[in-house]
Amino acid sequence: MIYRIRRNYLRLVVPLALVLLAGAAALLWATGLGALYAFKDPVELSSLTEEELEGSYVSVGVDELGDTFSYYGYTGEDGEKVVIERYCVYPVGDKFLTVRVTGKELKLLSDYDNAKEMVASGSLGSMKEYKAGTLKGTITAGLDSKVYDLLCTWIKDNYLADKGGDAARNAVLSSFGISGASNDGSSDSNEDYSSYFKEAIIPLQLQAGYYGAMPKAKTIMLTILALLLLAAALGLLISLVLGLWEKPLRRCLKRAGRRELLEDYKGGVDFTGALRIGGSHIWWFKGLITQIEDIDGVIWAYPRSRRLEGGRLDWYLVLKTRDGRELGVRLGESAAVQAAINLLKSKGHPMATGYDKEKQKLYERDIPTFQARVKNGTI
């Protein structure tokens, strides 16, 4: 009996708890535990060496960034250009780190650009009067091939082809077998700079506004969802430890005694796996919690049918108790319902059978009178 009752809920509760735990773990893994960055103070990007960059949560002033080498966006209906991504460079020694800016952080860059225009127009004295914003984000591995190509083009046009024949730069390029910039300030379009780009471009990207591998808002949302799944899974596991799914069984064991209840179960008759009737108890295996009722608490039993698609009837056993509760047990076939009613009647406890409106009205209005009439056989 106890094994069957526990199997009834364990086969559903345990897999569900495991699925919830797996879902929580998957969400936390997807965010790279990015929510932990909310409890960290960002490190100044300028204080890190190249080896310390990957995975670091950093801050960098907008005025510390180099040029923007690419914009991504669209043109609105009013003809205005809308920027949704902006890629900047940040110098790390003689190398280049990509800074990707999206979302609300874009406004920090556009405000800084506007300030520079105001200085140029004379409406703002100097950039010293302007307090530049600060970007915060995570440095992640990987650089999109298209972004890499755009950065290569920018470096070639703005660095390798710089006018003036910088001797120090040309010495660096020569170590890669590259002749460097020509005297007229143009670079040879056929020159192979791939070895230099591979060395000079750091294959990382500062994702402004990111906690870990995802944007801050998305990381927080997914983390909250993961914690909810985790809480639900732990709740289910705690419910198993506390025995919440066995409350009816525990109450009945305390009232009837373990040995007596087990013997009653063993001597009972099973109906379609949903119902078992013993000498003095009824076991109702519905849902996760198995209900156990005293037979002498049932004062009315009758069949109820529901018409299925195609016209076939699905039959239920309805049990009304002396404390006003109704139990509906699906047994499927009319013969099974009638056999269960006959078995209950044979136990010798006063019980009305069959349904009619007079019984229903009396039961709803006055259960004690209903029970008295059941005992004297007048209903």
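Numbering of residues begins from 1 in every chain and follows the order in which that chain's sequence is written. It should be noted that, the model being predicted, local features are given only for residues of pLDDT at least 70 and side-chain atom pairs only at 80 or more, the latter also being counted only at that level, while totals for whole chains, interfaces and linings use all residues. The basis for the side-chain values is all heavy atoms of the structure; hydrogens and waters are excluded.

To continue, consider the pattern of salt bridges. Basic side-chain nitrogens of Lys or Arg form a salt bridge, by our definition, when they fall within 4 Å of a carboxyl oxygen of Asp or Glu. Inspection of the entire model under this criterion finds 18 salt bridges. A salt bridge links Glu326 to Arg304, with the shortest nitrogen-to-oxygen separation between them at 3.3 Å. Taken as a pair, Glu326 in strand β16 (residues 326–332) and Arg304 in strand β14 (residues 298–307) lie far apart in primary sequence, 22 residues in all. Burial classes follow relative accessibility: with a 1.4 Å probe on protein chains only, a residue under 20% of its type's maximum area counts as buried, one over 50% as exposed, and anything between as partly exposed. By relative accessible area, Glu326 is classed as partly exposed at 39%. Here Asp356 makes a salt bridge to Lys359, at a shortest N to O gap of 3.9 Å. A relative accessible area of 9% places Lys359 in the buried class. Salt bridges here are not isolated pairs; linked through shared partners, they connect Arg4, Asp270 and Arg276. Starting at the N terminus, helices and strands are each numbered in turn, a helix being any DSSP run of H or I of at least four residues and a strand any DSSP run of E of at least two.

Attention now moves to the nonpolar core. As used in this record, nonpolar core signifies buried Ala, Val, Leu, Ile, Met, Phe, Trp, Tyr and Cys residues forming a set joined through side-chain atoms within 4.5 Å. The biggest cluster of nonpolar side chains holds 22 residues, and the ones touching the most others in it are Leu45 and Leu135. Secondary-structure elements contributing two or more residues to this core are β2 (57–61), β4 (81–92), β5 (95–102), α2 (106–121), β6 (134–141) and β7 (201–208). For this core, the element with the most residues is β7, which contributes four residues. In this structure Leu45 touches Leu53, Val58, Ser59, Val60, Tyr90, Leu97, Ile139 and Leu206, once residues within four positions along its chain are discounted. The next biggest cluster of nonpolar side chains, apart from the first, holds 21 residues, and it includes Ala274, Val298, Ala336 and Leu343. Should any heavy atoms of two residues lie within 4.5 Å, those residues are counted as being in contact.

If DSSP finds at least two bridges between two strands, the strands pair. Overall, mixed pairing links the four strands, which are arranged β16-β15-β14-β17 in an open sheet. In this open sheet, the two edge strands, each paired with only one partner strand, are β16 and β17 (352–353). Here two bridges tie β14 to β17, and the two strands are oriented parallel to one another. By the bridge assignment, Trp300 is partnered in β17 with Ala352.

A low pLDDT score tells you not to read the predicted coordinates there in detail. pLDDT expresses, on a scale from 0 to 100, how confident the predictor is about each individual residue. For the protein chain, mean pLDDT is 88; residues scoring 70 or higher make up 92% of the total. Throughout residues 181–190 the model reports pLDDT below 50, and contacts reaching past four residues in sequence, or to other chains, amount to 17 contacts.

Two numbers describe a pair of aromatic rings. These are the distance of the centres and the angle of the planes. Any two of the Phe, Tyr and Trp rings considered here, Trp counted by its six-membered ring, make a pair once their centres fall within 6.5 Å; the pair's planes then place it as stacked at under 30 degrees, edge-to-face at over 60, or tilted in between. A full pass over the atoms with the stated rule returns 15 aromatic pairs. Ring geometry for Tyr57 against Tyr211: centres 5.8 Å apart, planes inclined by 75°, an arrangement best described as edge-to-face. You can see Tyr57 sitting in strand β2 and its partner Tyr211 sitting in strand β8 (residues 210–211), a full 154 residues away along the chain. Aromatic pair Trp300 and Tyr302: ring centres 4.7 Å apart, planes at 45°, arrangement tilted. Comparing Trp300 with Tyr302, the two get one shared label, buried.

Take the packing of helix α7 (residues 247–256) against helix α8 (residues 258–266) next. Between N-to-C directions, angles span 0 to 180 degrees; the directions come from axes that are lines fitted to C-alpha atoms, helices contributing only their stretch in contact. As a packed pair, α7 and α8 sit with axes 7 Å apart at the nearest point and diverge in direction by 110°. One way to sum up the angle between α7 and α8 is to call them roughly perpendicular. Across the interface between the two elements, Leu249, Cys252, Leu253 and Ala256 from α7 touch Arg258, Glu260 and Leu261 from α8. Partitioning the contact of α7 with α8 into residue classes produces five nonpolar, no polar and two charged. If an angle is under 35 degrees, it is roughly parallel; if it is over 145, roughly antiparallel; if it lies from 65 to 115, roughly perpendicular; otherwise it is oblique. Classification used: nonpolar for Ala, Val, Leu, Ile, Met, Phe, Trp, Tyr, Cys and Pro, charged for Asp, Glu, Lys and Arg, polar for all others including Gly.

Glancing now at the packing of helix α10 (residues 357–365) against helix α11 (residues 367–375). Axis angle and axis distance: for two packed helices, these are the angle between their axes and the distance between the axes, and together they describe the pair. Across the interface, α10 lies against α11 with an axial gap of 6 Å and an inter-helix angle of 130°. When the axis of α10 is compared with that of α11, the two are oblique. Seen from α10, the contacting residues are Glu358, Lys359, Leu362, Tyr363 and Arg365; seen from α11, they are Ile367, Thr369, Phe370 and Arg373. In the contact of α10 with α11, the residues fall into four nonpolar, one polar and four charged.

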